[in-house]
Amino acid sequence: ASVEKRPDPLMPRPVSVLLVGDSIMGGHLGLYLENTLSAMPGVSAVRHYVVSSGLSGLHDYLWTEAAHDYIRKTKPDVLIVMFGANDSLAVKIAANRGFAHLPSVEFEDQYAMKVRLFLQNTAPYVKRVYWIGQPAVLHRDFTVKYPVLNRIYQTECARFSNAVYIDS
């Protein structure tokens, strides 16, 4: 017996997708996602990335504001996000303009606040947010740091009914 496929009521076609992030979104993964999604009937995808950027405040690019502006301009249904490699270095603390480093509770608290702010300024304006976590790597620094970032992304996405964390 055939199973009737019903369209997702939250995601009727056509679907527009905005992909944002750092160099990984700018590289092979982002290009693959953009091309694969754009090749699907009824799906359009636009990618915006900034190499050597992130949410930590170490970079001049203000992702929370930029993503909100891109959402306002392009009106996507879906937002796909990937940050983190650059953010694992340190996080800028607004109150005293100092920095917190991994591993520390202060880093985790401050970075979680930045991820939450990003989601607060983007999730209400799209039907779905998919946050791609950092990949498993064999590197003396990132092997320890990426799981911390991924735990933060997963926890913060769980606060929003339309946000999904994707473990990579």
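Source: prediction; values computed, not measured.

Draft legend 1. Representation of the pairing of strand β3 (residues 78-82). Burial runs high along β3: five of the five residues are buried. In this sheet, β3 lies alongside strand β1 (residues 15-21) in parallel orientation, the contact comprising five bridges. If you follow Leu-19 over to β3, its bridge partner there is Ile-80. Bridge analysis of β3 against strand β6 (residues 128-132) gives four bridges, and the strand direction is parallel. Directly across from Leu-79, in β6, lies its bridge partner Val-129.

Draft legend 2. Just helix α3 (residues 63-74), in detail. In a regular helix each residue adds 1.5 Å, so 12 residues correspond to 16 Å; α3 covers 16 Å between its end C-alpha atoms and thus fits that length. Buried within α3 are the following residues: Trp-63, Thr-64, Ala-66, Ala-67 and Ile-71. Along α3, the residues classed as buried sweep out an arc of 165 degrees about the axis, all on the same side. Looking at the packing, one finds that the buried side of α3 touches β1, β2 (43-49), β3 and α4 (105-120). Looking at the residues trailing α3, positive phi occurs at Lys-75, about 50 degrees.

Draft legend 3. Fine view of the side chain of Arg-128. Inspection of the secondary structure puts Arg-128 in strand β6. On the basis of relative accessibility, which here comes to 18%, the residue Arg-128 falls in the buried class. Of note is the side chain of Arg-128, whose polar atom sits 3.4 Å from the side chain of Tyr-130.

Draft legend 4. Spotlight on the confidence of the model for the protein. Considering every residue of the protein, the mean pLDDT works out to 89; 91% of them sit at 70 or more. Considering only residues more than four positions removed or in separate chains, one finds that residues 1-6, a stretch of pLDDT under 50, has zero contacts.

Draft legend 5. Molecular detail of the packing of aromatic side chains. With the rule as written, the count across this model stands at eight aromatic pairs. An angle of 80 degrees between the planes, with centres 5.6 Å apart, marks the rings of Phe-83 and Phe-118 as edge-to-face. In this pair, Phe-83 sits in the loop between β3 and β4 (91-92) while Phe-118 sits in helix α4, placing the two residues 35 residues apart along the sequence. An aromatic cluster is built from Tyr-61, Trp-63, Phe-83, Phe-107, Tyr-111, Phe-118, Trp-131 and Tyr-153, whose rings are joined through pairwise contacts. Between the NZ or CZ atom of Lys-73 and the centre of the ring of Tyr-70, over which it lies, the distance is 5.9 Å.

Draft legend 6. Focus on the sheet that holds β3. The strand order across the open sheet formed by five strands is β2-β1-β3-β6-β7, and the pairing between neighbours is parallel. The open sheet has two edge strands, β2 and β7 (163-166), and neither has a second partner. Between one strand axis and the next, the sheet turns through 20 degrees on average, direction left out of account.

Draft legend 7. The pattern of salt bridges, seen in detail. For the structure shown, the criterion picks out six salt bridges. Between Asp-77 and Lys-127 there is a salt bridge, with its nearest N and O atoms 3.4 Å apart. Here the residue Asp-77 occupies a position in the loop between α3 and β3, and Lys-127 occupies one in the loop between α4 and β6, the gap between them amounting to 50 residues. In this structure Lys-127 comes out as partly exposed when scored by relative accessible area, which is 37%.

About the cut-offs
Residues numbered from 1 in each chain as written. Predicted model: local features only at pLDDT ≥ 70, side-chain atom pairs only at ≥ 80, totals over all residues. Heavy atoms only, no water. Buried < 20%, exposed > 50% of the residue type's maximum accessible area, 1.4 Å probe, protein only. Helix = DSSP H or I, 4+ residues; strand = E, 2+ residues; numbered from the N terminus. Pairing = 2+ DSSP bridges. Expected span 1.5 Å × (residues − 1). Arc of directions from axis to C-beta. Contact = heavy atoms within 4.5 Å. Polar contact = N/O pair within 3.5 Å; in protein donor to acceptor, adjacent residues only side chain to side chain. pLDDT = per-residue confidence, 0-100. Phe/Tyr/Trp six-rings, centres within 6.5 Å; stacked < 30°, edge-to-face > 60°. Lys NZ or Arg CZ within 6 Å of the ring centre and 35° of its normal. Axes fitted to C-alpha atoms, helices over the stretch in contact; angles between N-to-C directions. Salt bridge = Lys/Arg side-chain N within 4 Å of Asp/Glu carboxyl O.

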